[in-house]
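A structural walkthrough
Chain by chain, the residues:
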Amino acid sequence: MQETYIRHSPCERCGACCAFFRVSVPTAETNDAAGGLVPADMIFFSNSSQRCMKGTETTSPRCIALEGNVGVRVKCTIYENRPSTCRNFSLSWEHNIGNRLCDKARGVFGLQAFSQY
Ligand code: SF4
Ligand code: SF4
């Protein structure tokens, strides 16, 4: 069976952002809404308008959809149905634009930042 990794290298050997930030999910994107794709059973509901990926609401965040070891090998088990928050989070310099949040998350896990500012 073919595995679906978070992205092509180097994200598939990282996963730091999935285990560091609170990952918000817009209400319209969960599959309990028409056209929504993100599995609702993976959502933490703090109230009707505040949703995030389960596990990322804690003080030691780790998204419920993340499998593997951060910094070694990871995959997103809902990659095709992940929220826009994840889709819009760019690997630093992936599109010739730095992302300090990517660098920050990697730094927390002792991984080298991609950016030179
Ligand atoms: S922290 Fe950066 S390199 Fe690591 S998985 Fe997230 S986007 Fe990819
Ligand atoms: S849904 Fe997937 S890409 Fe988004 S934080 Fe969770 S594991 Fe990472």
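In this report, we go over the structure that sits alongside the text. (Residues numbered from 1 in each chain as written. Chains lettered and ligands numbered in written order. Predicted model: local features only at pLDDT ≥ 70, side-chain atom pairs only at ≥ 80, totals over all residues.)

Quick notes on the nonpolar core
In terms of nonpolar packing, the biggest core is built from 22 residues, with Ala16, Ala19, Met53, Cys63 and Leu66 touching the most fellow members. If you list the elements that add at least two residues to this core, you get strand S2 (50-53), strand S4 (73-76) and helix H2 (100-108). Apart from the residues within four sequence positions on either side, Leu66 is in contact with Gly15, Cys18, Ala19, Val74 and Cys76. (Core = buried A, V, L, I, M, F, W, Y, C linked by C-beta atoms within 7 Å. Buried ≥ 20, exposed ≤ 12 C-beta atoms within 10 Å, placed from the backbone. Helix = DSSP H or I, 4+ residues; strand = E, 2+ residues; numbered from the N terminus. Contact = placed C-beta atoms within 7 Å.)

A short note on the environment of Lys54
The residue Lys54 is located in the loop between S2 and strand S3 (66-69) in this model. Taking the number of C-beta atoms within 10 Å as the measure of exposure, Lys54 has 19 and is therefore partly exposed. The sequence separation of Lys54 and Ala65 amounts to eleven residues, and the corresponding C-alpha distance is 8.3 Å. For Lys54, the contacting residues outside a window of four places in its chain are Met42, Ile43, Phe44 and Ile64.

Topic: the site of ligand 1
Among the twelve residues in the neighbourhood of ligand 1, the closest are listed as Cys11, Cys14, Ala16, Cys17 and Cys102. Looking at the shell around ligand 1 residue by residue, the class counts come to ten nonpolar, one polar and one charged. (Near = placed C-beta within 6 Å. Nonpolar A, V, L, I, M, F, W, Y, C, P; charged D, E, K, R; others polar.)

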